[in-house]
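A look at the structure
Chain by chain, the residues:
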Amino acid sequence: MTEISFIQFLIGILALVVWAYVLICIFFRQILIDRILSRGKYWHIAVIFLLVALVPFGIASVASLCGLHNFDLLFNTYMYSPDDVAMFQTSYQGKGESPGLISTVLYQFRGFGGHFYAGTDQGKAWALIIGILGTMLFSGLLIPSVLSIIRMRSDNYLWGQARYRIQHSRYAVILGAHDAVPELIHKILSRKGKDQIKYVIVQTSNTVFYYRLELQQCISKVEEFHTVLYNGGRATAKDIEDLNIERASEVYVLGESRESDDDHDSLNLQCIRHIANVLKQSRRRERMQCYVLFEHQSTFSAFQHSDLADVVKDQIEFISLNLYELWAQNVLSQSRPVGNIQYLPLEGNEKIDAQSDNQVHLIVVGMSRMGVAMALQAAHICHYPNFLTKGIRTRISFVDQCAEGEKDTFMAQYESYFQQVRWRLVNPGKLEEGTSAEDVEWTLPSSVPGRDTDFLDTEWEFVHGRLDAPAMREWLRQTVSDEKSVTTVAICMHRPHQSQNAAIYLPIEVYRHSVQVLIYQRSSSEIVSGLAGIGKDETQRTNLRYQKLRPFGMMSQCFAKTIVDYRLAKLVNYVYWRSDDTKMLHINDPDPNNGNLPLAESFWRQGSVADQWSSNYNACAVPTKLRFLGLDIFNSPIEDIEAIFADPDTCQMLTEVEHNRWNTEKLLTGYRCLTPEEWNEFARLRESGMDYKSYAKVKKQLRSGFEMAHLDICSMHDLKIVDQPSIEYDLILSRAFPSIVRTLRSAQ
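The paragraphs below set out a description of the structure included in this document. Source: prediction; values computed, not measured.

**Observations regarding the overall build of the protein chain**
In terms of helices and strands, the protein chain carries 33 helices and 15 strands. Counting across all 748 residues of the protein chain, residues that qualify as buried make up 49%. Pairs at least 24 residues apart make up 77% of the contacts formed inside the protein chain by residues separated by at least 6 positions. Counting every atom, the protein chain has about 37,200 Å² of accessible surface; 55% of that belongs to carbon and sulfur.

**Here's the deal with the environment of Thr 655**
Its location among the elements puts Thr 655 in helix H28 (residues 648-668). Look at Thr 655 and you get buried, because its relative accessible area is 0%. With 76 residues separating them in the primary sequence, Thr 655 and Leu 731 have C-alpha atoms 5.4 Å apart. Excluding anything up to four places from it in sequence, Thr 655 contacts Met 716, Ile 727, Asp 730, Leu 731 and Ser 734. Within the structure, Thr 655 has its side chain in polar contact with the backbone oxygen of Cys 651 (distance 2.7 Å).

**Notes on the nonpolar core**
In terms of nonpolar packing, the biggest core is built from 178 residues, with Ile 275 and Trp 460 touching the most fellow members. Ranked by residue count, the leading element in this core is helix H15 (residues 369-381), at nine residues. Grouped together as the second largest cluster of nonpolar side chains are 13 residues, Trp 679, Leu 685, Ala 709 and Leu 711 included.

**Some thoughts on unusual backbone geometry**
Although it is not a glycine, Arg 283 adopts a positive phi angle of roughly 60°. Of note in this structure, Met 708 is not a glycine but carries a positive phi near 50°. Summarising the element assignment, Met 708 is placed in the loop between helix H30 (692-704) and helix H31 (716-722).

**What to know about the side chain of Ser 499**
By secondary structure assignment, the location of Ser 499 is in helix H20 (residues 496-504). You can call Ser 499 buried: its relative accessible area is 0%. For Ser 499, the side chain forms a polar contact with the main-chain nitrogen of Met 493, separated by 3.3 Å. If we skip the residues at most four places from it in the chain, Ser 499 touches Ile 491, Cys 492, Met 493, Ile 519, Tyr 520 and Gln 521.

**So, the sheet that holds strand E2 (residues 199-204)**
An order of E3-E2-E1-E4-E5-E6 is seen for the six strands of this open sheet, with the pairing classed as parallel. Only two strands of the sheet have a single neighbouring strand rather than two, namely strand E3 (227-231) and strand E6 (316-321). Each strand axis lies, on average, 20° off the axis of its neighbour in the sheet, ignoring direction. This element, helix H8 (residues 208-216), spans E2 and E3 of the sheet and lies at about 150° to E3.

**Some points on the pairing of E2**
Here E2 lies mainly inside the structure; six of its six residues are buried. Pairing between strand E1 (residues 171-175) and E2: five bridges, direction parallel. Each residue of the ladder has a partner; that of Ile 174, found in E2, is Val 202. Bridging between E2 and E3 involves five bridges; their strand directions are parallel. Pairing of Ile 201 across the sheet is with Val 228, part of E3.

**Observations regarding the sheet that holds strand E13 (residues 549-552)**
Note on sheets: strands pair through backbone hydrogen bonds, and any given pair is parallel or antiparallel. Strand order in the open sheet formed by seven strands is E9-E10-E8-E7-E11-E12-E13, with parallel pairing between adjacent strands. The strands lining the two open edges of the sheet, one partner per strand, are strand E9 (422-426) and E13. Shown here is a sheet whose adjacent strand axes are inclined to one another by a mean of 20°, direction ignored. For strand E8 (residues 394-400) and strand E10 (residues 458-464), the ladder comprises seven bridges, and the chain directions are parallel. Considered in E10, the bridge of Phe 398 is made with Phe 462. Sheet strands touched by helix H17 (residues 403-413): E8, E9 and E10. Its angle to E10, the strand with the most contacts, is close to 145°.

**Points about H20**
Taken together, the buried positions of H20 are Ser 499, Gln 500, Ala 502 and Ala 503. The arc enclosing the buried residues of H20, seen along the axis, measures out at 165°, which places them on a common side. Where H20 is buried, its residues touch strand E11 (485-491), helix H21 (508-513), strand E12 (517-520), helix H22 (526-532) and E13.

**A look at helix H24 (residues 567-577)**
Counting buried positions along H24 yields eight of eleven residues, so the element is predominantly enclosed. Along H24, the residues that are buried comprise Leu 568, Ala 569, Lys 570, Leu 571, Val 572, Asn 573, Tyr 574 and Val 575. Tucked inside the fold, the buried residues of H24 contact E6, helix H25 (599-606), helix H26 (609-627), helix H32 (727-735) and helix H33 (737-746).

**Looking at a nonpolar patch on the surface**
Among the surface-exposed residues, Trp 19, Leu 23, Ile 24, Ile 26, Phe 27, Phe 28, Val 55 and Ile 59 lie close enough to one another that they form a single nonpolar patch of about 810 Å² accessible area. At the level of elements, helix H1 (6-28) and helix H3 (43-65) are the ones that each hand at least two residues to the nonpolar patch. Per-element tally for the nonpolar patch: the top contributor is H1, with six residues.

**Remarks on the packing of aromatic side chains**
In total, this model carries 26 aromatic pairs according to the counting rule given. With centroids separated by 5.6 Å and ring planes inclined at 20°, the aromatic side chains of Tyr 574 and Phe 603 adopt a geometry described as stacked. Note that Tyr 574 is positioned in helix H24 and Phe 603 in helix H25, a separation of 29 residues in sequence. The burial state of Tyr 574 is the same as that of Phe 603; both residues are buried. Positioned above the aromatic ring of Tyr 230 is the side chain of Arg 163, whose terminal nitrogen or guanidinium carbon lies 4.4 Å from the ring centre.

**What to know about the side chain of Arg 550**
Topologically, Arg 550 is positioned in strand E13. One polar contact links the side chain of Arg 550 to the main-chain carbonyl oxygen of Gln 342, over a distance of 2.8 Å. In contact with Arg 550, not counting residues within four places along its chain, are Ile 341, Gln 342, Tyr 343, Gln 516, Val 517, Leu 518, Ile 519, Val 528 and Arg 541.

**With respect to the packing of H24 against H32**
Put simply, H24 and H32 touch, their axes get as near as 9 Å, and they point 135° apart. With respect to their mutual orientation, H24 and H32 come out oblique. With respect to the hand of their crossing, H24 and H32 are arranged in right-handed fashion. Touching Val 572, Val 575 and Tyr 576 of H24 are Tyr 729, Asp 730, Ile 732 and Leu 733, all from H32. Its residues placed into classes, the contact of H24 with H32 shows six nonpolar, no polar and one charged.

**Topic: the packing of H15 against H28**
It is at 8 Å that the axes of H15 and H28 come closest, and there the two elements cross at 140°. Across the interface between the two elements, Leu 376, Ala 379 and His 380 from H15 touch Arg 661, Thr 664, Glu 665 and Leu 668 from H28. Broken down by class, the residue content of the contact of H15 with H28 amounts to three nonpolar, two polar and two charged.

**Let's talk about the pattern of salt bridges**
One pass over the structure, following the stated rule, counts 31 salt bridges. Of the charged contacts in the structure, one is a salt bridge between Lys 666 and Glu 665, with a shortest N-O distance of 3.6 Å. As far as burial versus exposure is concerned, Lys 666 and Glu 665 are alike and both buried. The structure contains a network of salt bridges with shared partners spanning Arg 395, Arg 424, Glu 438, Glu 459 and Glu 461.

**Details of the environment of His 264**
Position of His 264 among the secondary structure elements: in helix H11 (residues 261-282). By relative accessible area, which is 2% here, His 264 ends up buried. For the pair His 264 and Leu 293, spaced 29 residues apart in sequence, the C-alpha separation works out to 9.0 Å. Not counting the four nearest positions on each side in its chain, His 264 is found in contact with Arg 234, Leu 254, Gly 255, Glu 256, Glu 259, Leu 293, Phe 294 and Glu 295.

Cut-offs and rules
- Residues numbered from 1 in each chain as written.
- Predicted model: local features only at pLDDT ≥ 70, side-chain atom pairs only at ≥ 80, totals over all residues.
- Heavy atoms only, no water.
- Helix = DSSP H or I, 4+ residues; strand = E, 2+ residues; numbered from the N terminus.
- Buried < 20%, exposed > 50% of the residue type's maximum accessible area, 1.4 Å probe, protein only.
- Contact = heavy atoms within 4.5 Å.
- Areas by Shrake-Rupley, 256 points an atom, 1.4 Å probe, with all protein chains shown as cover.
- Polar contact = N/O pair within 3.5 Å; in protein donor to acceptor, adjacent residues only side chain to side chain.
- Core = buried A, V, L, I, M, F, W, Y, C linked by side-chain atoms within 4.5 Å.
- Pairing = 2+ DSSP bridges.
- Axes fitted to C-alpha atoms, helices over the stretch in contact; angles between N-to-C directions.
- Arc of directions from axis to C-beta.
- Patch = residues over 30% accessible without salt bridge, like charges linked within 9 Å, V, L, I, M, F, W, Y side chains within 5 Å.
- Salt bridge = Lys/Arg side-chain N within 4 Å of Asp/Glu carboxyl O.
- Phe/Tyr/Trp six-rings, centres within 6.5 Å; stacked < 30°, edge-to-face > 60°.
- Lys NZ or Arg CZ within 6 Å of the ring centre and 35° of its normal.
- Parallel < 35°, antiparallel > 145°, perpendicular 65-115°, else oblique.
- Left-handed = near helix turned anticlockwise from the far one by under 90°.
- Nonpolar A, V, L, I, M, F, W, Y, C, P; charged D, E, K, R; others polar.

Okay, structure coming up:
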C-alpha cells in the first residue's frame, strides 16, 4: 500500500496553516488583501500557484488523519499493485456499494479524462459531453467570476471606492486633498505609545487613482501602507457616513486645494454639521477632536458674533485652523524651526525692556492673505514696556503698489480698531523736496474731553508705490538704517517668483541692518533656502549676502512642527476662569460636572470658540513678555523666573502691558470703545452709588449685545477709574506665570 510520507504530511499541515491565515486576511484584513491585489505584480501569480499547489497536500493530510487509503478515492485494477488489489478484495469483499448516478456524474463533471473509464460507447459519449460542460462551467464561468471579483476589489481600492470597517485599530480621518496632507500624515503616523495611530483615511473628491500617485512622491512606503484613500465629498452626508467616523480617533477637515476659495469655508462648516449628526446617531460617548481649516479671516470674525450649533458643541471638540495665521504664529510668536529653518522674533536679539530706546518695526511687502496675517499677528504679540515709560510704539508698515485702495478695504474690516490707532498713508514718490516719510503727519484717534483716546501701543503705515521704484528703495534704506529701529521685512506677494525677485534685489542696506528677511513661498522653499545657505555650517554662511533670508508659508510644511498646540492657551484660559492665586494648585483636579475631566480641560471645553481664540492670542504673546524680561519660556531656570516675578513692580508692569495687548485683541475682533454718551452714562451710574455687581451686569449687557461695546477698552489710567476690579484678572495672570511655565514644561 502506498501511504503519505512524513514530509508530505508536514507540507500538508503547513498548507492548512497558510490557508487559515489567508482566510483570516480575506475576512478581517481586507485593506491588506486589496492593497496586495491592486499592485498587479508578476510574483503574485507565483504566490497564487503555490497556494493552489498546497491544496492537494492539505487534503491528503486530512484524509490520512481520517484513516482513508489511496484506493478509497478511486479504484482501477491497472492503477494499483497486486498487493493493494489483494488487500482491497480481502478487506472490503462484499462490503462496498455501487456508486449512484449523481456520484458518477460528479466524477465526470470534473473535466476531461473521465470518459476513458466509462463502460459502454454510449456512456463514453455522455461522459465526454458532461466533461466538456464541466470544463466550460469551471473555466468559463467560475474562475472568471472569481477573477472578476478580485479585479473589482482591486479597482475599487485603486479608485477609492472600497470601504472598510476598521474596528481594532486607532485611525484618523482627513477630509480633503489639501497640500498639507503629506506632512500631516507623517505627523500623525509618527506618534508612539498610547497616542499611536495605525491608519489614516484620506477622503477626496479628486480622482483617487492620480492623487495616489502624487501622494506616493511625498510619503514613505511605510506611511503609504498605513494610508487609505476614499473617493467622496466632505459636504455629502452619505460619504461622511461611509467613513464610520464615530470610530475614528480624530478628524481633520482641510478641504481640497484645487477647489474654489469662495466655497471652502462654507463646505468645511457644512461637513462639521454632517459629522456631528453622524456622531449623535452613533451615540458616541466622547466628543470627537476635530481640526477645521479656514481660508478667510472673515470666517474667524464671524465666530465673534455667533457660536457653533448646540449639536456641534455637544459632539465635537472644535479646533479651528488658519494656515496663514498658523504660519504667522510659528514665525513671529513661537519662532519655531521648520526643518533647518530657524526664525528670529521681531525684536531679534534685542531686549526691549522699559529702558530701551529701540522701536520694533515690521515691514510687510504685499497685502496678500499671508501679508495681512503677518501684520495682524504682530499687532497681537508685539507689546513692550518701553511704551509705558517712553511712549515708543511698535510700527507695522504695509508696502504695496495698491496700498491706497487696499488700505480702505483693510481699515473697513477692522473699523473699530482703526478708530483708535494711529495710522498714516505715505507715498514716497510724492514727497515734497526736502521732506521725508517721517514728516508725514499721523491720523490720530478723535479726542474726547476727560478721556485718553490715543492709548494703543501700535502704529500703522500704508506705503503706496512699487517696490522697485527709486523713491521706495530710498524709503527702505532710510527706514532700516535708523539705529533705533529693529526692523524685520516680510515679503508676502501673491506669487512665489515675485517674492523671490523682490528679495534678491532689495537694497543692500536691508541685509546689513534688518533682523531677517522673510519670504512667503507657498509651494517650495528650495530656491530661497539655497540662497540663504540654510543647512550649511554657520562658518560657511557668514559671508553669504542672503544669509538673512528665511522662507516661510510652505503649505506642505505648515504642520512640520506641530498640528496645533493649545496647551499654553488652556492654561491661560484656566487662570481667567478661576480668578484666584491658588488656582494652579487645582489645575488637575477632576471636574465632576464635566465627566471628571481635569479642570483646565473642562474650562476650555465650556468656553465659546471666541473665548478659545482669545486665550490663544494671549498665549501667543507670552514668549514676547518673557523675552523682554530676559527669560525664555522653555530654557530659563524656573528659579530665575520665580525670582523675577516675585517683584511686585514686575507684575504691575506686566499687567499694564497685558492690558495694552488685550485692548488690541478686542478691537481687532470686533469690539469697540464706548461713545461719549455711553461713557457718561457709566459715570452717572458710578456717581449714583450703584453696587459693583449691578454695575458689572450693565457692562456685560452692553458688550454682549448688538453694539459689542466694551467699557474696559481704554487706557490703564481710565480703567482704574471706570472698572478698577477688572485689573485684578491681569494681575493674577502675571503672578501665575511661574506656575504656568512649570506646568507647561511638565506636560512636554
